Amino acid sequence: MNFAQIAQATTEAAPPAGGAELLQIALATVAAGFLTFALLYLGFGHRSGRVAFLGRLATDAERRTGLPGWAALPAGIATVSLLTALFGMYWDISLHIDNGRDAGPLANPAHYFILAGLFGIFTAGFIAMVLPRERPSDAAVRLGRDWWAPLGGVLICACGAFSLVGFPLDDLWHRLFGQDVTLWGPTHLMLIGGAAMTLVGIAVLTVEGQRANVAAGRAEAEHGSTRAMRAVALTGGLMLGLSTFQAEFDFGVPQFRLVFQPLLLMLAAGLGLVLARIYGGRGAALGAAGFFILMRGALALAIDPGLGQTVPHFPLYIVEAVVVEAVALAVTTRQPLRFGLWAGLGIGTVGLAAEWAWSQIWMPLPWPSALFPEGAVVGFLAAMAGAVLGAWIGAHLSLEPGVRRPLLRQLAVGSAALVAALVALALYTPTREGVSADVALRPLAAGEVEATLTLNPPDAAAEADWFDVTAWQGGGLVVAPLKEIGPGRYRTTEPVPVDGNWKSMVRLHEGRSLTALPIFLPSDPAIPVGEVPAPPRFSRAFEDEHQLLQREQKGGSPLVVTLAYATVASITLGLLALIAWALHRLAFGQARRRHAAARTLSPRGSDA
Amino acid sequence: MNLPLAHHAAVAALPVFAPALIIITVLTIRYLRERRHWDEEAE
């Protein structure tokens, strides 16, 4: 029987699926107005010399770090803001997993942290842009006759704006297509992608600060503690940012193929750790992994048991970091391509094997043998691509003027294309038809049952990537594997909730197919959909699981869908192009300026 | 009273982006005005 057919609309009350209270809009507008005024007043007041507040803060930051204030202060604000947004993001996801959608936009406390964090990032970029009185670096961007903004500040500001524009676009997206209850909605990716890319902006800003120190004859001015913190926290932060894309897997409710987990994990390890070692020097890869574990460990403890929500698990990256440090002993990082390729080779083999083992120990969905060999091949390719990209970015973050490396550039472009191709291939998920199950439910405690399934065909789950019971949004999360008790017969290993707001289902991921069979789904008049009841015995078919996991989603016309995706894609490509341009300007701006100066001195353009 | 174009987790959507939008607009206008001046000076 089709579960869509057995669903019947009911009239009971449900949390709203759209709209926001006028009071909440008014509050947000007042807060936004105040923040806008404060930033403009402080920023332009500083530039005109009438307001000394930002200057005093910058001087203090310079005294504490040894980096120029226009780099130290914004880098600090951006770092704190990123950590704030990161905490808000994981808390928010755990709240949605456990409780479903919010009663209203400001009804979820985690949103305040996300908003404060993202706005803090934008603020950091703006402050970096207004602070310098003189041209701060060769790569600086001219904004006025006597106004040069650090390139890193422009990047941070752009990343913050990119994230923030995700909010209205997200709203519009949900209005058009319903609420896609997944982290990987296009506009959700804008929110977290912009925040993650901020780390590149902070790195660029600190390189400009270091160069300014060197140019001023203060090469040793940066404090040792700042240098160590920069090498570890910045690169560790990048690992945190790159790992946010894995969050659905960390919680145990991925809505995409399991092969994405080794893909994303190896991409993050390759890019982040290779970049860490090139940018931060000896020990930086280990430091980055240590910082990552420390922060994610603290975050996990804060969410569970701290806030009593579902815990976000995390990868370790420690073996990959050891591999990168070991490779650096044999291959100099001054040859970034060679170093990156060897490091990628080690990460994609030894590191991948270590993460495979770690998934058996702590990940909510351990990687099964069915994931091999595809997971190993995809993971290896992602590690190699990530390592080349990390080498390319790292080579551009050097203190010395850039060296042109056409082969590295070409391979970096190829690696980006490879990653895009791997993602596109993994996104292809045709639904396997013709799988069903006879289900018998045995009551346990009130509102809980034990389920016994007889699969048809019996071997439908023999090569499954996952085959489990998932129950969520009813006040917690249950992800429990099914135990085979006979040929084609399976039994649940944990009580399955079948009342209240719980959404309980059997999920089957086999090959490219992602299907699910509902055990119990509540009625939801706000969408609207009816209840899928849980009688003692029933037979249902496995169907495309997106219909179950994203009940709020609604389709749109092909033209609107194409326009929506094209808009998000063009904004995203714009940000990526800006980052690539900025890295190029950082590496070669110095040489170009000297060349321009030489041409000015020699009117005919001759160096002779 | 519920406003239709603001829901989900978007936290009042447009007001949230407004500060960034206004500041970027101010910076852009200033940049374009100043640029005209320094272009004229260069000539």
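Predicted model only: the values in this text are computed from it and were never measured.

Participant: Give me the lowdown on the overall build of chain A, citing residues and values where you can.
Facilitator: Helix and strand counts for chain A come out as 17 helices and 13 strands. Here chain A has a C-alpha radius of gyration of 26 Å; the compact-globule value for 608 residues is 25 Å, and the two agree. The buried share among the 608 residues of chain A stands at 57%. For chain A, the proportion of contacts with a sequence separation of at least 24, taken over those separated by at least 6, is 74%. Carbon and sulfur atoms make up 64% of the accessible area of chain A, which amounts to about 24,400 Å² in all. Charge centroids of chain A, computed over 42 positive and 43 negative side chains, lie 15 Å from each other.

Participant: A description of the environment of A231 of chain A should follow, citing residues and the corresponding values.
Facilitator: All names here are of chain A. Mapping A231 onto the fold places it in helix α8 (residues 224-243). A residue is classified by how much of its surface remains accessible, and A231, at 10% relative accessible area, is buried. Taking the C-alpha atoms as reference points, A231 and A566, separated by 335 residues in sequence, lie 37 Å from one another. When residues no more than four places from it in sequence are discounted, the contact partners of A231 are G280 and A284.

Participant: Run through the packing of aromatic side chains, naming residues and quoting values.
Facilitator: Residues and elements named next belong to chain A. By the definition in use, this model includes 19 aromatic pairs over all chains. Relative to F260, the ring of F256 lies with its centre 6.2 Å away and its plane at 85 degrees, an arrangement referred to as edge-to-face. The two residues F256 and F260 agree in class, both being buried. Aromatic pair W356 and W367: ring centres 5.3 Å apart, planes at 85 degrees, arrangement edge-to-face. Of the two residues, W356 is situated in helix α13 (residues 336-361) and W367 in the loop between α13 and α14 (374-396); the sequence distance between them amounts to 11 residues. In textbook terms, an aromatic cluster arises when at least three aromatic residues are bridged by ring pairs, as seen for F292, F314, Y317, W358 and W362. Here R540 stacks its cationic end above the ring of F538, 3.9 Å away from the centre of that ring.

Participant: Quick one: what's the story with a nonpolar patch on the surface, residue by residue and with numbers?
Facilitator: All names here are of chain A. On the surface, L286, I318, V319, V322 and V350 cluster together into a nonpolar patch covering about 350 Å² of accessible area. At three residues, the largest contribution of residues to the nonpolar patch is made by helix α12 (residues 318-330). Inspection of the secondary structure puts L286 in helix α11 (residues 284-306).

Participant: Describe unusual backbone geometry, and please don't skip the residues or the numbers.
Facilitator: Residues and elements named next belong to chain A. Omega for the peptide link from D304 to P305 comes to 20 degrees, which places this bond in the cis form. In this fold, P305 is placed in helix α11. The amide bond that connects F372 to the next residue, P373, takes the cis arrangement and shows omega of 5 degrees. Inspection of the secondary structure assignment puts P373 in the loop between α13 and α14.

Participant: Tell me what's going on with helix α4 (residues 69-99) of chain A, and back it up with residues and numbers.
Facilitator: Residues and elements named next belong to chain A. Relative to the 45 Å expected for 31 residues at 1.5 Å per residue, α4 spans 44 Å between its end C-alpha atoms, a close match to the ideal helical length. Most of α4 sits out of view: 24 of its 31 residues are buried. At the exit of α4 stands G100, carrying a positive phi of roughly 80 degrees.

Participant: Outline the nonpolar core, listing residues and values.
Facilitator: Residue and element names in this part refer to chain A. One finds L118 and L397 to be the most contacted residues of the largest nonpolar core, which totals 163 residues. Take this core: its biggest share by element is 16 residues, from α4. When sequence neighbours within four positions are dropped, the list of residues in contact with L118 reads A85, S163, L164, F167, L191 and A195. In this structure, A437, A464, L482 and Y490 belong to the second largest nonpolar core, which totals 24 residues.

Participant: I'd like a rundown of the packing of helix α10 (residues 260-280) of chain A against α12 of chain A, residues and numbers included.
Facilitator: Residue and element names in this part refer to chain A. Their axes nearest at 10 Å, the elements α10 and α12 cross at an angle of 40 degrees. Judged on the interaxial angle alone, α12 and α10 are oblique. Judged by the sense of rotation from one axis to the other, the crossing of α10 with α12 is right-handed. Across the interface between the two elements, L265, M266, A269, L273 and R277 from α10 touch E320, A321, V324, E325 and A328 from α12. Classifying every residue of the contact of α10 with α12 gives seven nonpolar, no polar and three charged.

Conventions adopted
Residues numbered from 1 in each chain as written. Chains lettered and ligands numbered in written order. Predicted model: local features only at pLDDT ≥ 70, side-chain atom pairs only at ≥ 80, totals over all residues. Heavy atoms only, no water. Helix = DSSP H or I, 4+ residues; strand = E, 2+ residues; numbered from the N terminus. Rg over C-alpha atoms; globule rule 2.2 N^0.38 Å. Buried < 20%, exposed > 50% of the residue type's maximum accessible area, 1.4 Å probe, protein only. Contact = heavy atoms within 4.5 Å. Areas by Shrake-Rupley, 256 points an atom, 1.4 Å probe, with all protein chains shown as cover. Lys, Arg positive; Asp, Glu negative; His and termini not counted. Charge placed at Lys NZ, Arg CZ, Asp CG, Glu CD. Phe/Tyr/Trp six-rings, centres within 6.5 Å; stacked < 30°, edge-to-face > 60°. Lys NZ or Arg CZ within 6 Å of the ring centre and 35° of its normal. Patch = residues over 30% accessible without salt bridge, like charges linked within 9 Å, V, L, I, M, F, W, Y side chains within 5 Å. Salt bridge = Lys/Arg side-chain N within 4 Å of Asp/Glu carboxyl O. Expected span 1.5 Å × (residues − 1). Core = buried A, V, L, I, M, F, W, Y, C linked by side-chain atoms within 4.5 Å. Axes fitted to C-alpha atoms, helices over the stretch in contact; angles between N-to-C directions. Parallel < 35°, antiparallel > 145°, perpendicular 65-115°, else oblique. Left-handed = near helix turned anticlockwise from the far one by under 90°. Nonpolar A, V, L, I, M, F, W, Y, C, P; charged D, E, K, R; others polar.

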